[in-house]
Amino acid sequence: LKSWTNIKALSVYETPGSPSSSWLCVGLRTDGTVVYTGSETFDAKELNRWSDIQAIGCSQDLIVGLKSDRTVVCIGNNKALKDILKEWSDICAIQVSDGQVLGLQTNGNVLSSDSASAVSQWDGKNVVRLADGPSGILADGTILTNDTNISGWNDVLDVTTNSWQSIGLKRD
């Protein structure tokens, strides 16, 4: 990883509980390019063509990038997901969790790559931030989620979760 210079953000994925787990670490450089290492294999030429990336996320067999023009790009073997994401526009934040991608639009609406997701119930709620879970955070710190471990939390700035714990950062 010595060649990883000028990194401003990281996204990490690991399949939990498996001795032959897959893992992935993605780095976003300050110049808007992306690097990765891990047990997953991606088309390096395609990833090297990415530029103007503002945010990244990853999951098993998936790397997602938010471009400065508010569109979303991804690399991986899921063609249907690629087709969904290339239709998205006006995205200001992304969240990737277990193969599902959420996109926060500048108007506060949230898009989901999973048509069965409960995110459709968030319409009109003016989400200001996306977090793990997947979760949406409203301006007053209320959490929108189906995760029973964190539903009902309020006055929250951020949340991170995994298969065994949930941690929230409160405003105070």
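Residues numbered from 1 in each chain as written. Predicted model: local features only at pLDDT ≥ 70, side-chain atom pairs only at ≥ 80, totals over all residues. Heavy atoms only, no water.

Caption draft 1: Spatial organisation of the nonpolar core. Counting 13 residues, the largest nonpolar core has Leu-24, Val-26, Val-34, Trp-50 and Ile-63 as the members making the most contacts within it. Apart from residues lying up to four places away in sequence, Leu-24 is in contact with Ser-11, Val-12, Tyr-13, Tyr-36, Thr-37, Gly-38, Glu-40, Phe-42, Cys-58, Ser-59, Leu-62 and Ile-63. (Core = buried A, V, L, I, M, F, W, Y, C linked by side-chain atoms within 4.5 Å. Buried < 20%, exposed > 50% of the residue type's maximum accessible area, 1.4 Å probe, protein only. Contact = heavy atoms within 4.5 Å.)

Caption draft 2: Fine view of the side chain of Ser-11. Mapping Ser-11 onto the fold places it in strand β1 (residues 7-14). For Ser-11, the side chain forms a polar contact with the main-chain nitrogen of Cys-58, separated by 3.1 Å. Non-local contacts of Ser-11, meaning those with residues more than four positions away in its chain, are made with Leu-24, Cys-25, Val-26, Ile-56, Gly-57 and Cys-58. (Helix = DSSP H or I, 4+ residues; strand = E, 2+ residues; numbered from the N terminus. Polar contact = N/O pair within 3.5 Å; in protein donor to acceptor, adjacent residues only side chain to side chain.)

Caption draft 3: Main features of the sheet that holds strand β6 (residues 72-76). With antiparallel pairing, 3 strands are arranged side by side in an open sheet as β4-β5-β6. The open sheet has two free edges, formed respectively by β4 (53-59) and β6, since each of these has just one partner strand. Put simply, the sheet's adjacent strands are angled 20° from each other on average, direction ignored. Where β4 and strand β5 (residues 62-67) come together, 6 bridges link them in antiparallel fashion. Within β5, the residue paired with Ile-53 across the bridge is Lys-67. (Pairing = 2+ DSSP bridges. Axes fitted to C-alpha atoms, helices over the stretch in contact; angles between N-to-C directions.)

Caption draft 4: Expanded view of the state of the cysteines. If you walk through the whole model with that rule in mind, you get 0 disulfides. This cysteine, Cys-58, is not joined by any disulfide, and Cys-25 carries the nearest cysteine sulfur, 7.4 Å off. Cys-58 gets classed as buried once you look at its relative accessible area, which sits at 5%. Lacking any disulfide linkage, Cys-92 is separated from the closest cysteine sulfur, that of Cys-74, by 19 Å. (Disulfide = S-S within 2.5 Å.)

Any link to function would need more than the numbers given here.
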